[in-house]
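Per-entry structural report
Okay, here's what each chain looks like letter by letter:
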Amino acid sequence: MDAAILQISGVTKVFGGFTALQGVSVDIGRGERFGLIGPNGSGKTTLINCIAGTLRNDQGSIRFDGEEVSRLPAWQRTRRGIARSFQIPRPFSSMTVVENLVVPLEYVVHRGSLHKADTRGEAIEILKGMGLAEKADTPSNQLSQVELRKMELARAMAARPRLLISDEAMAGDRKSTRLNS
């Protein structure tokens with residue numbers, strides 16, 4: 001296996017007097033699929049939030065592709081190639097499904113370099129892979145829970161991550177979705 005793309009070493013996160021993570025260490029290799037399993041309240045989402053930059057770890061190190069990222073904000077981690085989906089989908093509810101994907105495409109991938117029509121086409125291709133192309137122009141607040149979860153994963157994929165973190169991606173959905181790569 002190649003060198004680890006993600007190296008977590010001694011990560012600790014404390015909320016007031018409650019220690020959510022204590023000394024967590026793990027290396028995740030390129031192309032590796034890695035799952036965190038544990039009961040509710042065991043710190044899985046807290047660790048994901050520390051990796052993605054939603055929370056800052058209090059101690060320890062998070063290195064992505066050899067670079068220390070522990071103190072970088074979430075948007076800088078996303079631009080470096082870390083994307084995540086959320087346990088509870090968080091769509092831009094005033095936007096359509098395709099517009100929800102155009103945001104990461106324009107912000108992370110293209111940084112304003114393509115015309116909107118080109119970005120929309122890319123978004124549609126991602127939606128096809130998720131089985132949501134026919135819902136492209138549907139307001140996201142009209143999607144079912146399963147469709148919202150698919151859109152959430154598609155939005156993370158739109159950022160073209162080198163590391164995709166999915167927080168309980170299939171919770172509540174008995175079908176698995178194959179992503180074309």
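The structure under discussion appears in the preceding block.
Residues numbered from 1 in each chain as written. Predicted model: local features only at pLDDT ≥ 70, side-chain atom pairs only at ≥ 80, totals over all residues. Heavy atoms only, no water.

**A short note on the layout of surface pockets**
In this model, the second largest pocket occupies a volume close to 490 Å³. What lines the second largest pocket is a set of 20 residues, and nearest its centre among them are Thr78, Arg84, Phe86, Pro104 and Arg155. Contributions of two or more residues to the lining of the second largest pocket are made by helix H2 (74–80), strand E5 (82–85), helix H3 (97–110) and helix H5 (145–158). Split by residue class, the lining of the second largest pocket holds 13 nonpolar, three polar and four charged. (1 Å grid on protein atoms, 1.4 Å probe; cavity = no way out; pocket = protein on both sides within 12 Å on 5 of 7 lines; lining within 4 Å. Points joined across faces, edges and corners; volume = space filled by probe spheres on them. Helix = DSSP H or I, 4+ residues; strand = E, 2+ residues; numbered from the N terminus. Nonpolar A, V, L, I, M, F, W, Y, C, P; charged D, E, K, R; others polar.)

**Comments concerning the environment of Asp58**
Counting through the fold element by element, Asp58 comes out in the loop between helix H1 (44–52) and strand E3 (59–64). The class of Asp58 is partly exposed, set by a relative accessible area of 40%. Asp58 sits 48 residues away from Gly10 along the chain, and the two C-alpha atoms are 10.0 Å apart. Here Val14 takes part through its backbone nitrogen, which lies 2.6 Å from a polar atom of the side chain of Asp58. (Buried < 20%, exposed > 50% of the residue type's maximum accessible area, 1.4 Å probe, protein only. Polar contact = N/O pair within 3.5 Å; in protein donor to acceptor, adjacent residues only side chain to side chain.)

**Things to note about the packing of aromatic side chains**
Enumeration according to the criterion identifies zero aromatic pairs in this entry. One residue, Arg155, lies across the ring of Phe92, its end atom 5.1 Å from the ring centre. (Phe/Tyr/Trp six-rings, centres within 6.5 Å; stacked < 30°, edge-to-face > 60°. Lys NZ or Arg CZ within 6 Å of the ring centre and 35° of its normal.)

**Some words on the pattern of salt bridges**
It is possible for side chains bearing opposite charge to pair when their charged atoms get close. By the definition in use, this model includes nine salt bridges. For Asp65, the salt bridge goes to Arg162, with nearest N and O atoms at 2.6 Å. One end of the pair, Asp65, is in the loop between E3 and strand E4 (67–68); the other, Arg162, is in the loop between H5 and strand E6 (163–166), with 97 residues separating them in the sequence. Since its relative accessible area comes to 45%, Arg162 is described here as partly exposed. The structure contains a network of salt bridges with shared partners spanning Arg30, Asp65 and Arg162. (Salt bridge = Lys/Arg side-chain N within 4 Å of Asp/Glu carboxyl O.)

**Things to note about the pairing of E3**
Two strands pair when backbone bridges link them, and strand E1 (residues 4–15) and E3 are joined in this way by five bridges, in the antiparallel orientation. Bridging from a neighbouring strand, Ser9 pairs with Ser61 of E3. Relative to E4, E3 runs antiparallel, the two being bridged by two bridges. Looking at E4, one finds that Arg63 is bridged to Glu68. (Pairing = 2+ DSSP bridges.)

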